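Next come the chains, spelled out residue by residue.
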Amino acid sequence: MNKQNTKNTEWTIENAENTYRIKRWGNGYFDIGESGDLMVIPRYNEPELKISLKEVIDEMQSTGIEFPAVIRFHDILRSQVELINKTFRSVIEETHYEGSYLGVFPVKVNQMREVIEEIVDVGKRFNYGLEAGSKPELAAALAYNTNNEALTILNGYKDEDYLRLALLGRKIGRKVVVVIEKFSELNMLISLSKELNVKPIIGLRIKMMVKGRGKWESSSGERAKFGLSIAEILNVIQLCEKEGMLDCIELLHFHIGSQLTDIRAIKEAVQEAATVYTQLVKRDVPLHYIDVGGGLAIDYDGSQSTNDSSCNYDLTQYVSDIVSGFKQHCDLESVPHPNIVSESGRAITAHHSCVITKVIGEIHPKGIGSTVFDTKKATGEHITVTNMRDIAQVLSTENYQEAFNDVQALKEQAIQAFKLGVLSLEEVAKTETLYWQTLEDIEQIISNHDFIPEELKEIPELLSSQYLANFSVFQSAADSWAIEQVLPVVPISRLNEKPTKLCSLVDITCDSDGKIDKFIGEGAVTNSVPLHKLNADEDYFIGLFLTGAYQDVMGDMHNLFGRLNEVHIFSYDDDPKDFYIEEVVKGSSMESVLSTMQYTPAILAQSVKKAIDKKIQQGQLKPREGVNLIDFYEDCLSDYTYLKA
Ligand SMILES: *Cc1c(COP(=O)(O)O)cnc(C)c1O
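Residues numbered from 1 in each chain as written. Predicted model: local features only at pLDDT ≥ 70, side-chain atom pairs only at ≥ 80, totals over all residues. Heavy atoms only, no water.

> Is there a simple way to think about the pairing of strand β10 (residues 249-253) in this case?
Across a regular strand the side chains alternate sides, sitting on one face of the sheet and then on the other. Across the 5 residues that make up β10, a large majority, 5, are buried. Strand direction decides the pairing type here: β10 and strand β11 (residues 289-291), joined by 3 bridges, are parallel. Paired with Leu-252 across the two strands is Ile-290, which belongs to β11. Once you follow β10 into helix α11 (residues 263-282) and on to β11, the crossover reads as right-handed. (Buried < 20%, exposed > 50% of the residue type's maximum accessible area, 1.4 Å probe, protein only. Helix = DSSP H or I, 4+ residues; strand = E, 2+ residues; numbered from the N terminus. Pairing = 2+ DSSP bridges. Right-handed = clockwise from strand over helix to strand, strands pointing away.)

See the structure below:
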């Protein structure tokens with residue numbers, strides 16, 4: 001954390017920006033308002049249009065929408081689709097590149113219908129298409145990507161029905177490209193296309209030698225799950241030639257991994273793919289699309305580094321390296337410039353949605369809540385307790401370092417003494433209470449010092465709290481749990497007020513993995529984030545940001561919490577200061593999550609009712625009370641799964 005922030009100097013919005021790095025990960029879509037509220041700037045080309053997230057939350061509360069909830073900004077989604085298309089177009093123009101850009105959105109990154117609809121709608125004028133990796137995704141793509149000029153790219157392993165669906169797409173005039181991942185898929189495709197009498201468009205996925213960088217680097221290299229070796233590519237060409245289908249091979253595809261943190265990996269991949277491309281074209285393979293896959297990264301931690309949750313480049317650099325890489329290579333080999341396809345998913349959707357949750361409690365290392373234990377001296381008490389109290393009493397700006405060492409040692413002693421049965425429960429309670437008090441007092445002293453001795457730097461961390469938030473990590477931040485992905489966590493308001501508590505977050509699942517303890521830090525990732533003291537009379541909402549890619553749709557049913565309530569926000573064209581909730585998608589009810597696990601809610605209610613009826617017959621429950629109990633049980637079944645807090 002910024003040194004300035006820990007001192008008791010006046011807190012400004014700049015301090016908040018330094019702490020949470022909103023501008024650095026926000027890609028221009030987020031800012032802090034004068035009043036200390038977090039603002040959303042949903043259109044990249046209208047920076048003066050700002051929506052207060054607090055106002056959105058107020059509006060949701062007033063219409064009875066319960067939290068936690070997902071807030072989706074469709075304008076951000078539209079902005080990102082426009083940005084990637086416009087960037088490719090302008091770089092292509094500037095560099096006099098002769099091909100055009102025909103991007104596709106990979107459905108697996110966010111399959112929500114509303115997301116796909118929006119992307120297809122804004123993408124229409126750029127002939128922006130969809131990429132599918134499975135039969136259900138293809139079924140959706142065929143129905144939604146109705147633009148015959150836009151591509152539909154098919155990746156993933158394919159069976160006969162998958163290929164039949166693809167050829168159905170060809171029959172209705174769509175540019176469906178079957179990317180061959182495995183030689184056997186080609187045999188099947190050739191015989192099906194003869195049977196159905198339709199010409200396929202074939203793509204070849206290269207098994208790349210260059211390694212991606214970051215968490216997904218195993219997507220390339222010899223042991224990669226997908227792609228054709230050079231030998232296989234040559235065999236594919238031979239077979240197509242024999243079948244008179246060489247002219248069907250139009251696209252060359254590669255994908256070296258998601259969240260590519262280092263631009264060098266992209267440059268190297270372009271080199272390798274361009275080499276294969278030009279060589280194949282020179283052998284009369286009529287390729288005219290090069291598909292560079294996904295991998296365009298998001299700077300989740302705002303460090304612009306090669307950290308796993310960051311990247312050392314921006315959209316323009318990414319696009320420039322791709323366009324100029326192919327141009328140079330093709331010019332050198334006198335091969336026409338291919339049309340460029342990219343399959344960026346993360347970069348299109350990450351910014352547009354966030355998860356809003358309320359902090360509903362604090363778990364302090366001292367214990368839950370703020371109960372105090374009386375530490376008064378008792379006659380005949382153990383010497384450890386007395387020593388601990390003496391240190392607390394004489395603590396000063398002169399001896400605080402010594403005091404820290406002493407209380408650490410005494411705490412250890414107390415634990416040993418308790419195990420040996422020498423210390424009573426009351427005495428343990430007193431030593432613990434005095435220990436935490438002393439640490440808090442030392443923290444107070446050092447917070448006013450410029451120099452902090454190395455070993456005392458752990459004190460704020462030791463004293464940090466866990467804030468209990470009403471959400472499930474497994475549902476709403478799967479990658480935080482699975483791959484230690486850093487997601488920005490920011491309070492929705494009070495950003496003009498100094499956050500005085502170092503916290504990590506715990507969720508409401510009964511799983512000790514249900515926590516977030518990786519946050520944006522100074523340079524490196526840290527284990528706590530500064531948040532505000534909870535006020536008794538005020539809700540404290542925090543947001544998990546950049547959750548629109550993968551996180552949105554990968555959540556699981558741990559503890560049967562299920563999907564979140566969701567609102568879709570649009571800004572008005574005529575009054576850009578304002579917003580409206582275009583759609584509310586209700587999250588999971590208890591009966592819906594139970595049904596997915598094969599329970600029948602009516603049978604559950606019957607069973608509980610039977611038990612209640614029996615108690616009524618036995619005279620142990622009044623009939624009216626019994627009716628109320630069963631009504632309550634049934635009401636619960638139709639309610640939201642998360643805490644009503
Ligand atoms: C997952 C995937 C993508 C999307 O990658 P992002 O890094 O999210 O852009 C693109 N293409 C293929 C083949 C994929 O498997």
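> I keep staring at the sheet that holds strand β1 (residues 30-32) and nothing clicks. Help me out?
Across a sheet, strands are paired by hydrogen bonds formed along the backbone, either parallel or antiparallel in direction. Spatially, 3 strands are ordered β1-β2-β3 in an open sheet, and the strand pairing comes out antiparallel. The open sheet is flanked by β1 and β3 (51-52), the only strands paired with a single partner.

> Sorry if this is basic, but what is going on with a nonpolar patch on the surface here?
A surface patch of nonpolar side chains, about 290 Å² in accessible area, is lined by Met-209, Ile-230 and Leu-234. With respect to the helices and strands, Leu-234 occurs in helix α10 (residues 230-242). Of the residues examined, Leu-234 reaches a relative accessible area of 35% and is grouped as partly exposed. (Patch = residues over 30% accessible without salt bridge, like charges linked within 9 Å, V, L, I, M, F, W, Y side chains within 5 Å. Areas by Shrake-Rupley, 256 points an atom, 1.4 Å probe, with all protein chains shown as cover. Salt bridge = Lys/Arg side-chain N within 4 Å of Asp/Glu carboxyl O.)

> How should I be thinking about the site of the ligand in this particular structure?
Neighbouring the ligand are 16 residues; Lys-108, Ser-258, Glu-343, Gly-345 and Tyr-550 lie closest to it. Lys-108 is positioned with one of its side-chain polar atoms (N or O) 2.6 Å from an oxygen atom of the ligand. One of the backbone nitrogen or oxygen atoms of Gly-345 is found 2.7 Å away from an oxygen atom of the ligand. Contact with the protein chains removes 92% of the 390 Å² of surface that the ligand exposes when unbound. The class makeup of the residues in the shell around the ligand is 3 nonpolar, 8 polar and 5 charged. (Near = heavy atom within 4 Å. Polar contact = N/O pair within 3.5 Å; in protein donor to acceptor, adjacent residues only side chain to side chain. Nonpolar A, V, L, I, M, F, W, Y, C, P; charged D, E, K, R; others polar.)

> Looking at this structure, I do not really get the packing of helix α5 (residues 74-94) against helix α12 (residues 315-333). What am I missing?
For any two helices packed against each other, the geometry comes down to the angle between their axes and how far apart the axes lie. Taken N-terminus to C-terminus, the directions of α5 and α12 make an angle of 45°; their axes are 10 Å apart at the nearest point. Viewed along their axes, α5 and α12 adopt a mutual orientation that is oblique. Along this stretch, α5 crosses α12, giving a crossing that reads as right-handed. Between α5, through Leu-83, Ile-84, Thr-87, Phe-88, Val-91 and Ile-92, and α12, the contact on the second element is made entirely by Leu-315, Thr-316, Val-319, Ser-320, Ile-322 and Val-323. (Axes fitted to C-alpha atoms, helices over the stretch in contact; angles between N-to-C directions. Parallel < 35°, antiparallel > 145°, perpendicular 65-115°, else oblique. Left-handed = near helix turned anticlockwise from the far one by under 90°. Contact = heavy atoms within 4.5 Å.)

> Please explain the side chain of Thr-438 as it appears in this structure.
Assignment of secondary structure puts Thr-438 in helix α16 (residues 425-446). Judged by its relative accessible area of 1%, Thr-438 falls in the buried class. With sequence-adjacent residues up to four places away left out, Thr-438 is seen in contact with Ala-392, Leu-395 and Val-407.

> Please explain the pairing of strand β13 (residues 353-364) as it appears in this structure.
The buried fraction of β13 amounts to 9 of the 12 residues, a majority that puts the element mostly inside the structure. Judged from the 4 bridges that link them, strand β4 (residues 69-73) and β13 form a sheet pairing that is antiparallel. For Ala-69, the partnering residue across the bridge sits in β13 and is Ile-356. Here β13 runs beside strand β22 (residues 541-544); their pairing, made up of 4 bridges, is antiparallel. Following the sheet pairing, Ile-356 is matched in β22 by Gly-543.

> Looking at this structure, I do not really get the UniProt feature "domain: Arginine decarboxylase helical bundle" (unreviewed entry) in the chain. What am I missing?
Per the UniProt record, "domain: Arginine decarboxylase helical bundle" (unreviewed entry) is annotated on residues 381-459. Along residues 381-459 the backbone is 70% helical and 0% strand, and the end-to-end C-alpha distance reaches 28 Å. (UniProt positions renumbered as here; feature names shortened; annotations may be inferred.)

> Explain α10 to me, please; I cannot follow it from the model alone.
Side chains that are three or four residues apart share a direction in an α-helix, a result of its 3.6 residues per turn. Here α10 is 13 residues long and its end C-alpha atoms lie 19 Å apart, about the 18 Å a rise of 1.5 Å per residue gives. Three or more residues of α10 are buried, namely Ile-233, Val-236, Ile-237, Leu-239 and Cys-240. For α10, the angular spread of the buried residues around the axis is 165°, confining them to a single face. Facing away from the buried side of α10 by more than 90 degrees, the exposed set consists of Gln-238 and Lys-242. Against α9 (183-196), β9 (201-205), β10 and α11 lie the buried residues of α10. Two residues or fewer past α10, Gly-244 is found with a positive phi of approximately 70°. (Expected span 1.5 Å × (residues − 1). Arc of directions from axis to C-beta.)

> Looking at this structure, how should I read the packing of aromatic side chains?
Each aromatic ring pair is summarised here by two numbers: the centre-to-centre distance and the angle between the ring planes. One pass over the full model with this rule turns up 14 aromatic pairs. Taken together, a centroid distance of 4.8 Å and an interplanar angle of 35° make the contact between Tyr-572 and Tyr-580 tilted. By relative accessible area, which is 33% here, Tyr-572 ends up partly exposed. With a centroid separation of 5.2 Å and an interplanar angle of 55°, the aromatic rings of Tyr-640 and Tyr-642 are classed as tilted. Accessibility assignment for this pair places Tyr-640 and Tyr-642 in one class, buried. Grouping aromatic residues by their ring pairs yields a cluster made of Trp-25, Phe-30 and Phe-545. Sitting over the ring of Tyr-162, Lys-158 keeps its end group 6.0 Å from the ring centre. (Phe/Tyr/Trp six-rings, centres within 6.5 Å; stacked < 30°, edge-to-face > 60°. Lys NZ or Arg CZ within 6 Å of the ring centre and 35° of its normal.)

> For this particular structure, what's the right way to read a negative patch on the surface?
Together, Glu-55, Glu-59, Asp-574, Asp-575 and Asp-578 make up a negatively charged patch on the protein surface. Structurally, Glu-55 can be placed in helix α4 (residues 53-62). (Lys, Arg positive; Asp, Glu negative; His and termini not counted. Charge placed at Lys NZ, Arg CZ, Asp CG, Glu CD.)

> Just to check I follow, could you spell out the nonpolar core for this structure?
Considering soluble globular proteins, one finds that nonpolar side chains tend to be buried as a cluster. Within the largest apolar cluster, 149 residues are counted, with the highest numbers of intra-cluster contacts made by Ile-71, Ile-249, Phe-326 and Phe-545. With 11 residues, α11 is the single largest residue contributor to this core. If sequence neighbours within four positions are ignored, Phe-545 has contacts with Trp-25, Phe-30, Leu-38, Leu-53, Cys-354, Leu-487, Pro-488, Val-490 and Ile-492. Of all hydrophobic cores here, the second largest spans 18 residues; its members include Ile-391, Tyr-400, Ile-442 and Leu-463. (Core = buried A, V, L, I, M, F, W, Y, C linked by side-chain atoms within 4.5 Å.)

> Help me understand the pattern of salt bridges, please; the structure alone is not making it clear to me.
Once their charged atoms are close, side chains differing in charge can pair, the charge on each being opposite to the other. In total, this model carries 38 salt bridges according to the counting rule given. A salt bridge links Lys-50 to Asp-31, with the shortest nitrogen-to-oxygen separation between them at 3.0 Å. In this pair, Lys-50 is assigned in the loop between β2 (38-40) and β3 and Asp-31 in strand β1, connecting sequence segments 19 residues apart. According to the relative accessible area criterion, Asp-31 is buried, its value standing at 12%. The salt bridge involving Arg-563 is made with Glu-566; its shortest N-O contact spans 3.6 Å. Residue class for Arg-563 comes out partly exposed when judged on its relative accessible area of 30%. Among the ionic contacts, a cluster of salt bridges with common partners joins Arg-72, Asp-552, Arg-563 and Glu-566.

> Help me understand the sheet that holds strand β12 (residues 339-341) in this model?
Spatially, 8 strands are ordered β5-β6-β7-β8-β9-β10-β11-β12 in an open sheet, and the strand pairing comes out parallel. Every interior strand has two partners, whereas the edge strands, β5 (104-106) and β12, have only one. This sheet shows a mean twist of 25° between the axes of neighbouring strands, independent of strand direction. Relative to β9, strand β8 (residues 175-180) runs parallel, the two being bridged by 4 bridges. Its bridge partner lying in β9, Val-178 is registered against Ile-202. Contacting β8 and β9, α9 crosses the sheet at an angle of about 140° to β8.

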